[in-house]
Amino acid sequence: MTLKNAPLIYTLGMIQFPKIPNVERFIDFFLDKIRSEYPLVDDVKMSVCNADFSPQGIRIGQNECRVWQFSSVDRKWGFILTDQTLCLHTVNYKDFLDFSHRLQKGLEFFLKIPEVGVSWMTALGIRYINLVSAESNYVLKDYLNLWVLPAEPPKPQLSIIEGAYVARYKTEAGELRLQSLRNPQFTLPQELQSPLIVKNGWIRNRPLTDFALVDIDHCINFSQPLNMKTKDAIKSLKDLRGISKEVFISIGTEFAHKSWR
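Residues numbered from 1 in each chain as written. Predicted model: local features only at pLDDT ≥ 70, side-chain atom pairs only at ≥ 80, totals over all residues. Heavy atoms only, no water.

Each pair of packed helices can be summarised by the angle the axes make with each other and by the distance between the axes. The interhelical angle for the contact between helix H1 (residues 27-34) and helix H2 (residues 96-111), taken along N-to-C directions, is 135°, at an axis separation of 9 Å. Our classification of the angle between H1 and H2 gives oblique. Once H1 is placed against H2, the crossing between them reads as right-handed. Residues Phe30, Lys33 and Ile34 of H1 form the contact with H2, whose own contacting residues are Gly106, Phe109 and Phe110. By residue class, the composition of the contact of H1 with H2 is four nonpolar, one polar and one charged. (Axes fitted to C-alpha atoms, helices over the stretch in contact; angles between N-to-C directions. Helix = DSSP H or I, 4+ residues; strand = E, 2+ residues; numbered from the N terminus. Parallel < 35°, antiparallel > 145°, perpendicular 65-115°, else oblique. Left-handed = near helix turned anticlockwise from the far one by under 90°. Contact = heavy atoms within 4.5 Å. Nonpolar A, V, L, I, M, F, W, Y, C, P; charged D, E, K, R; others polar.)

Pasting the structure below:
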């Protein structure tokens, strides 16, 4: 089933690899390869939380991570590079063929940079975020099946303000996290609201009607690093995407499927 008009607002594809020392050495080489399509460069430092386990217990710390973004002129597409990841994100996703072609092309350019030395991958994943809002005289349960909506209040004098359905699933390809957030205070999950997303202008206003943020995050974490081959990485992402799509279709009602075709 093809849902060309699904309310998709954000897509992210990620390839993770062992840490590259002094990754800033390779920024200009990468830009030189992709600047015909992604000429705008942003360089920011972001705080990342981490947890360390020790005999004294869990210690929570915060590290600063340097992040580069290479964006298209219209800022609808962008590559993100850190010392451990290469990502492609967009608010203009049309189909997986186009998305995967762009990501594969960027990854191939990156791997060919002299002395970059990326031979292994440690994880990969894809994330789809849909903003489902009730239109006209319809309500959310016209679009989303009840199992993925927070339970209705047990008493008629109560009306729901905000709620969430959150679950993690093991799949044939990896691990999938599903979040259905009803009327949250944001239109992108808070961990995505980085300075780069803000600069791109990708944060939408909250709908005035009842709405849900449907967030599907599907990834593979390799127990041991896997040989980095671009075609294998894209094939694995395609497998993750296929299951993610099936899950999204299962969430929607018949009415939603007809509306989103």
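What follows continues from the structure just given.
Attention now goes to the pattern of salt bridges. Under the definition given, this model contains 15 salt bridges. A salt bridge links Glu175 to Arg168, with the shortest nitrogen-to-oxygen separation between them at 2.7 Å. Overall, Glu175 belongs to the partly exposed group, its relative accessible area being 35%. Where salt bridges share partners, they join Arg127, Arg177, Glu191, Asp215 and Asp217 into one cluster. (Salt bridge = Lys/Arg side-chain N within 4 Å of Asp/Glu carboxyl O. Buried < 20%, exposed > 50% of the residue type's maximum accessible area, 1.4 Å probe, protein only.)

This next bit is on the confidence of the model for the chain. In this model, the chain carries an average pLDDT of 92, and 93% of its residues clear a pLDDT of 70 or more. Every residue in residues 49-54 is under pLDDT 50, and counting partners more than four places away or in other chains gives 15 contacts. (pLDDT = per-residue confidence, 0-100.)

What follows deals with the nonpolar core. Across soluble globular proteins, nonpolar side chains have a tendency to be buried as a group. In this structure, Phe30, Phe70, Phe79, Leu81, Phe110, Leu124 and Leu237 are the most contacted members of the largest nonpolar core, which totals 37 residues. Of all the elements in the fold, those that place two or more residues in this core are H1, strand S3 (57-71), strand S4 (77-81), strand S5 (85-90), H2, strand S6 (120-133), strand S9 (211-227) and helix H4 (230-251). If one sorts the elements of this core by residue count, H2 sits on top with five residues. Counting 19 residues, the second largest nonpolar core, distinct from the first, contains Leu144, Val148, Val214 and Ala256. (Core = buried A, V, L, I, M, F, W, Y, C linked by side-chain atoms within 4.5 Å.)

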